[in-house]
Amino acid sequence: MFRHATYAAFAALLMAAAPGAMSSASAQTLKFGLAEDPDALDPTLARTFVGRVVFSALCDKLVDISPDLKVVPQLATEWSWSADNKSLTFKLRPGVTFHDGEKFDAEAVKYNIERHKTMQGSQRRGELSAVTSVEVVDPLTVRLNTAAPFAPLLATLTDRAGMMISPKAGQALGDKFATAPVCAGPFKFVERVAQDRIVVEKFDGYWNKANIHFQRIEFRPFIDATVRLANLRSGQLDILERLAATDAPSVQKDAKLKLGSITEIGYYGITINIGKSDKAKTSALGSNAKIREAFELSLDRNGINKVVFDGLATPGNQWVAPNSPYYAKSSPIPKRDVAKAKALLKEAGNPNPVVNLVTPTTTDARNIAQVVQAMAKEAGFDVRIQATEFATSLNMADKGDFEAYILAWSGRPDPDGNLYSFHGCKQPLNYSGLCNPALDEILNDSRLTTDMAQRQAAWNKAAAIVLAERPIVYLLHRKWLWAYGNKLQGFKEYPDGLIRFTGMKLG
């Protein structure tokens, strides 16, 4: 529906017009196609999924996840909870250095956790809010203390909250750290040209360097999925992330390419400004719960899946997929009901509400916006699409400069990571502006126990509130799709959508 042969021709013209922009590279250079240009390359400030792809090369974490979502060692080799579940103690890997030669130790961990918690503009503050202190036990032992049990803490540290930057570089650069990031990952930062490339090179001091086979990685953003695929086929890329689902069959038939896929732990949804800024007061959708209900009822999730994702995604209405053990079965997916949607709009006294819908310029997001526009129109909505560069759209969301916003969240291993920061009062990712004290109490209770039955009971209660308020209209859960040349070896799919470069090489 949305594919055009002219895209490939256009890509070829671009490459012919600027041969120096994508020069031939050695076999040790991996050319990686990104779906967007990342935001700040600072683990404390970063918000984008695509930034996490780059961080996989730059910044090791205390712990990581396996393909089956188990927590595994990285910079920490082992960990243990105290008897009262209020302290988490890590034993750190010896002999680790940051890219600037500074040693990684317990003091460095203390610096990083405190930076995440206190730095102006930190996106990790909510994730680590339960941590009350960081205790240096000895140079290779560090303890994180909480006032009460905090079940999601270990899982939280498998992502940006657990990434370690050089304290020396962090102190020297402050909020400009993203211009020259210094971490302890397998690759060190070389350069960044906005909207064009991010280049990293192998760090010879890396603790696991024997399993790193690329000398250099060049990350290049191509917003249009068809152009991204054209560059892979022409040899300008070795691998790309977020292949368009509609292109998966052609990749499978191409003898020179391989397809990787796995169901995500995140979601696609439409965030609605119901209290983030004054725009909520003047927005029909943001100011009236009946209109939000009508908007959801105008949408056919199965139809969106078929048109945009070739039926490969999983329709859903919550922060986890219906096949997740953490799904609230008491709040199932509502069926499309245009007649009821029209009746609700009539009751609300606004039969033809205008909805200004911000969407990133990525292929999937634009296509979702167009399908939503067509579906909602049948119920009386006038959806006006505002396509915006991704990092800019996040800034708009952060400021509340939107009415509705299509946003994909890549997901976290613990459901709390898909829920708390988006719906807790004044949390960093709460773009909707929802603030419900009863919901806050439920969310906090879900963090106090490691008993999954008790946590699930709390999430069921949370679902009842969130799905009635509709700060986010959840749509579906994608399959992560990668396409790569058949010379690339050692690639493994992870449900968080990220790449682990360890063991990968070009044959």
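Our subject in this report is the structure included herewith. Treat the numbers as computed from the prediction; the structure is a model and nothing was measured. (Residues numbered from 1 in each chain as written. Predicted model: local features only at pLDDT ≥ 70, side-chain atom pairs only at ≥ 80, totals over all residues. Heavy atoms only, no water.)

Counting residues in each nonpolar core, the largest one holds 81 residues, and the members touching the most others are Ile 270, Phe 295, Ile 304, Trp 319, Ile 368 and Phe 381. Those residues in contact with Ile 368, other than ones at most four positions away along the chain, are Tyr 268, Ile 304, Val 308, Phe 309, Ile 406 and Leu 475. If you look at the next biggest cluster of nonpolar residues, it comprises 67 residues, including Ala 46, Cys 59, Tyr 111 and Phe 187. (Core = buried A, V, L, I, M, F, W, Y, C linked by side-chain atoms within 4.5 Å. Buried < 20%, exposed > 50% of the residue type's maximum accessible area, 1.4 Å probe, protein only. Contact = heavy atoms within 4.5 Å.)

Backbone-to-backbone hydrogen bonds join strands into a sheet, with any given pair of strands oriented parallel or antiparallel. Reading across from one edge, E4-E5-E7-E6 is the order of the four strands in this open sheet, with antiparallel pairing throughout. The two strands at the open ends of the sheet, each matched to only one other strand, are strand E4 (76–81) and strand E6 (131–138). Put simply, the sheet's adjacent strands are angled 20 degrees from each other on average, direction ignored. Relative to strand E7 (residues 141–146), E6 runs antiparallel, the two being bridged by six bridges. What sits directly across from Ser 133, in E7, is Asn 145. (Pairing = 2+ DSSP bridges. Helix = DSSP H or I, 4+ residues; strand = E, 2+ residues; numbered from the N terminus. Axes fitted to C-alpha atoms, helices over the stretch in contact; angles between N-to-C directions.)

One open sheet accounts for seven strands, arranged E8-E9-E10-E1-E11-E19-E12; its pairing is mixed. Strand pairing shows two members of the sheet lacking a second neighbour, strand E8 (187–193) and strand E12 (257–263), which therefore form its edges. When the angles between neighbouring strand axes are averaged without regard to direction, this sheet yields 20 degrees. In terms of strand pairing, E8 meets strand E9 (residues 197–202) through six bridges, oriented antiparallel. If you follow Glu 191 over to E9, its bridge partner there is Val 199. Across the sheet, helix H6 (residues 225–233) is in contact with strand E1 (29–34), strand E11 (239–241), E12 and strand E19 (479–485); its angle to E11 comes to roughly 165 degrees.

All right, on to the packing of aromatic side chains then. What characterises a pair of aromatic rings is the spacing of the ring centres plus the angle enclosed by the ring planes. This model, assessed by the stated rule, comprises 18 aromatic pairs. Summarising the aromatic geometry, the rings of Trp 319 and Tyr 474 are spaced 6.0 Å apart at their centres and angled 70 degrees between planes, so their arrangement reads as edge-to-face. Here Trp 319 is found in the loop between strand E14 (314–315) and helix H12 (338–347), whereas its partner Tyr 474 is found in strand E18 (residues 472–477), with 155 residues between them in sequence. The class of Trp 319 is buried, set by a relative accessible area of 1%. Note on Tyr 474: relative accessible area 1%, which makes it buried. Pairing Trp 482 with Phe 491 gives two aromatic rings, centres 5.2 Å apart and planes at 65 degrees, and the pair type is edge-to-face. (Phe/Tyr/Trp six-rings, centres within 6.5 Å; stacked < 30°, edge-to-face > 60°.)

Counted under the stated rule, the structure contains two disulfides. The partner cysteine of Cys 59 in its disulfide is Cys 183, sulfur to sulfur 2.1 Å. Taking the sign of the S-S torsion, about 50 degrees here, the bridge from Cys 59 to Cys 183 comes out right-handed. Here Cys 59 is found in the loop between helix H2 (49–58) and strand E2 (63–65), whereas its partner Cys 183 is found in the loop between helix H5 (167–173) and E8, with 124 residues between them in sequence. As far as burial versus exposure is concerned, Cys 59 and Cys 183 are alike and both buried. (Disulfide = S-S within 2.5 Å.)

Let's shift gears to unusual backbone geometry. Non-glycine residue Leu 69 carries a positive phi angle of around 70 degrees. Within the fold, Leu 69 resides in the loop between E2 and strand E3 (71–73).

This part covers the environment of Glu 264. Assignment of secondary structure puts Glu 264 in the loop between E12 and strand E13 (267–272). Since its relative accessible area comes to 5%, Glu 264 is described here as buried. Separated by 71 residues in the primary sequence, Glu 264 and Lys 335 have C-alpha atoms spaced 23 Å apart. The contact partners of Glu 264, leaving out residues within four places of it in the chain, are Trp 409, Ser 410, Leu 476, His 477, Arg 478, Trp 480 and Pro 495. At a separation of 3.4 Å, a polar atom in the side chain of Glu 264 contacts the main-chain amide nitrogen of Tyr 267. At 2.7 Å, the side chain of Glu 264 and the backbone nitrogen of Arg 478 are in polar contact. (Polar contact = N/O pair within 3.5 Å; in protein donor to acceptor, adjacent residues only side chain to side chain.)

By the criterion of burial, E19 is predominantly enclosed, with six of the seven residues buried. Across three bridges, E11 lies against E19 in antiparallel orientation. Among the inter-strand pairings, Glu 241 is bridged to a residue of E19, identified as Trp 482. Both E12 and E19 contribute to a ladder of seven bridges, which runs antiparallel. Note on E19: the bridge partner recorded for Leu 257 is Gly 485.

The next subject is the side chain of Glu 241. Its location among the elements puts Glu 241 in strand E11. Discounting chain neighbours no more than four positions away, the residues touching Glu 241 are Phe 32, Gly 33, Leu 34, Ala 35, Phe 49, Val 50, Arg 228, Leu 481 and Trp 482.

If you check helix H17 (residues 452–469), its first and last C-alpha atoms are 25 Å apart, about what 18 residues at 1.5 Å a residue would give, namely 26 Å. Taken as a whole, H17 has its buried residues at Arg 455, Gln 456, Ala 458, Trp 459, Ala 462, Ala 463, Ile 465, Val 466 and Leu 467. Buried residues along H17 sit against helix H15 (416–423), helix H16 (437–446) and E18. Its side-chain oxygen at 2.9 Å from the backbone nitrogen of Ala 453, Asp 451 defines the N-terminal cap of H17. In the stretch just after H17, Arg 470 is the one whose phi turns positive, near 60 degrees. (Expected span 1.5 Å × (residues − 1).)

Below, the discussion takes up H15. Buried residues dominate H15, accounting for seven of its eight residues. Of the residues making up H15, those classed as buried are Asp 416, Asn 418, Leu 419, Tyr 420, Ser 421, Phe 422 and His 423. Among the structural elements, E13, strand E17 (404–409), H16, H17 and E18 are those in contact with the buried residues of H15.

Quick look at the side chain of Asn 430 now. When you line up the elements, Asn 430 lands in the loop between H15 and H16. Under the relative-accessibility criterion, Asn 430 is labelled buried at 3%. Side-chain polar atoms of Asn 430 contact the side chain of Ser 432, separated by 3.1 Å. Within the local environment of Asn 430, its side chain forms a polar contact with the backbone nitrogen of Gly 433, the two atoms lying 3.0 Å apart.

None of the figures reported here should be taken as evidence of function without further support.
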